[in-house]
Amino acid sequence: MTSHVPDRLDSPEPAPPPAPRRSSSTWAALRQLLLRLHFYAGLLVAPFVVVAAVTGLLYVYTPQIEQALYSDQLHVTPGDSALPLQEQVDTAVGAHPEGTLNAVRPATEPDESTRVLLDVEGLAESHRLAVFVDPYTGELLGDMTSYGSSGALPARSWLSELHRHLHLGDLGRVYSELAASWLWVVGLGGAVLWIGRRRRNRRLRRTLLPENSATGRNRTLSWHGSIGVWALLGLLTLSATGLTWSQFAGENVGQVRAALGWTTPALSVSASSGHEGHGGDGAHGEHGAAGQGADLDVVLESARSAGLEGPVEVTVPAEEGAPFTVEGTSRTWPVNQDAVAVDASSGEVVEVLRFADHPFMAKMTSWGIAFHMGLLFGVVNQVLLTLVGLSVLALVFWGYRMWWLRRPTKDAALSMGRPLVPRGTWRGLPWWCLALVAAVAVGVGLFLPLFGVSLLVFLLVDAAVGARRGRTRAGAA
């Protein structure tokens, strides 16, 4: 939670700590090590976390941004009765012969348009062409690219990529993974330090509420610690869910989920019937549905009869005779993410997959990702994420302020603060505790590669700076 800037290489280094007395507790030595780690961890992640917080705050409000920018495509004037869904889809497919029908998202509200999704050659991976149709008149309202299973339109897709990798591709993904890899370390470490600092005072208020009566650095520390405790749960959730999308750690997370059976289950027909890539060569039949002549109205009615409520996506199979799949798309209320497979010829539901039957951790993953995206419970989630994002910016500001207040020569404008705890604190730990700390660091570093590499770099730099200053002091003596 703390963010600092390191001392200059030429600033005086505090004298090495004296050899620990036998009466020194393990916790005291461990706390000193944690303080130094917290200082340097804040130094490392502060710029990355600030960027992630700002871009994340922008992304949180993309549902409102989409509604404002694309109102003419997303909304229609309600009419007396809607046209058959199949007729709406045929109109969209006929207007875009270059595309292959992939799926359709029927209108669920009286003022909503129907969204027909086409695979078109030349679009980037996971992108589809979305064609908007007025369900009452059949009028084409426009088309634009749609990204991913969430159906993100261009504005949301652009902000999503900004938050994810700053539009720099795989190289840019390093920034977000570095922030997510260290955020939980900084957050948990800061909470332990703050609660440990307050343990002598049994009053909970001193831990959860800042002390306005304090002055100077103590007052800043009080705000930093108290707000950090309040924001901790949100920070841990964002860190954990962010790592599932990361480039290096994400692969390890996926392997662990698969090994423990935590993956989200899918319909057994999905793998064989889903579209592969974009711009497939499946021919359109009478109804444009992979040559099957299937009636999408029958498919949708069967899914509704099976209990699927709210917004859904009807996916057209790429293989002749394969079932259609219908899945709930609501992220606001994930329990509605049921899925069914419907036989194209008879309209019979041949398979049902309920969200209630997902493994517990798969449910938690769905809820956590929806929270990360700002979609869970709608505006409530957006407000909570806004508070967490603003708290992160405030914590970074207070961290830099504490560093500034600790600078050794306040009269010198360019003098810089130093870590609160000098080098060599690890020598105060008993061998078994030091071995345990090293084992945990190695284990976490292997699971989160960017965390491990950056931690190793900091240790090497810190050791090199310490050796250089030792030689300088020796020369001066």
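Keep in mind that what you see is a predicted model, and the values were worked out from it rather than measured. (Residues numbered from 1 in each chain as written. Predicted model: local features only at pLDDT ≥ 70, side-chain atom pairs only at ≥ 80, totals over all residues. Heavy atoms only, no water.)

## Quick word on the packing of helix α4 (residues 85-95) against helix α11 (residues 296-305)
With their axes 7 Å apart at the nearest point, α4 and α11 run at an angle of 130° to one another. Put simply, α4 runs oblique to α11. Residues Leu85, Gln86 and Val89 of α4 touch α11, and the partners they reach there are Leu296, Asp297 and Leu300. Of the residues belonging to the contact of α4 with α11, the class tally is 4 nonpolar, 1 polar and 1 charged. (Axes fitted to C-alpha atoms, helices over the stretch in contact; angles between N-to-C directions. Helix = DSSP H or I, 4+ residues; strand = E, 2+ residues; numbered from the N terminus. Parallel < 35°, antiparallel > 145°, perpendicular 65-115°, else oblique. Contact = heavy atoms within 4.5 Å. Nonpolar A, V, L, I, M, F, W, Y, C, P; charged D, E, K, R; others polar.)

## A closer look at the sheet that holds strand β2 (residues 114-120)
Read from one edge of the open sheet, 8 strands run β4-β3-β2-β1-β5-β6-β7-β8, paired in antiparallel fashion. Every other strand in the sheet has two partners, leaving β4 (140-147) and β8 (349-353) as the edge strands with one partner each. Going across the sheet, the axis of each strand differs from the next one's by a mean of 25°, ignoring polarity. Here strand β1 (residues 99-105) pairs with strand β5 (residues 312-315) via 2 bridges, running antiparallel. Paired with Ala103 across the two strands is Thr315, which belongs to β5. Against the sheet, helix α5 (residues 154-165) engages β3 (127-133) and β4, with an angle of about 15° to β4. (Pairing = 2+ DSSP bridges.)

## With respect to helix α1 (residues 26-60)
Residues lying three or four places apart along an α-helix face the same way, a consequence of the helix completing one turn every 3.6 residues. An ideal rise of 1.5 Å per residue puts 51 Å on 35 residues; α1 reaches only 43 Å between its terminal C-alpha atoms. Along α1, the helix axis deviates most sharply at Val45, where the bend reaches about 45°; the proline Pro47 sits within four residues downstream. (Expected span 1.5 Å × (residues − 1). Bend = angle between axes of the 7 residues up to and from the residue.)

## Digging into the confidence of the model for the chain
Predicted coordinates in regions of low pLDDT should not be interpreted in detail. In the predicted model, the chain carries a mean pLDDT of 83, and 83% of its residues have values of at least 70. β3 holds the highest mean pLDDT among the elements of the chain, 97, whereas helix α10 (residues 270-273) holds the lowest, 47. Between residues 19-24, whose pLDDT stays under 50, and residues either more than four places distant or in other chains, the model counts 2 contacts. With pLDDT under 50 throughout, residues 271-292 is counted as low confidence; its partners more than four residues away or in other chains account for 61 contacts. (pLDDT = per-residue confidence, 0-100.)

## Brief notes about a nonpolar patch on the surface
A cluster of nonpolar side chains, contributed by Trp333, Phe377, Val379, Val380, Val383, Leu384 and Leu387, occupies part of the molecular surface with about 650 Å² of accessible area. Position of Leu387 among the secondary structure elements: in helix α13 (residues 379-405). (Patch = residues over 30% accessible without salt bridge, like charges linked within 9 Å, V, L, I, M, F, W, Y side chains within 5 Å. Areas by Shrake-Rupley, 256 points an atom, 1.4 Å probe, with all protein chains shown as cover. Salt bridge = Lys/Arg side-chain N within 4 Å of Asp/Glu carboxyl O.)

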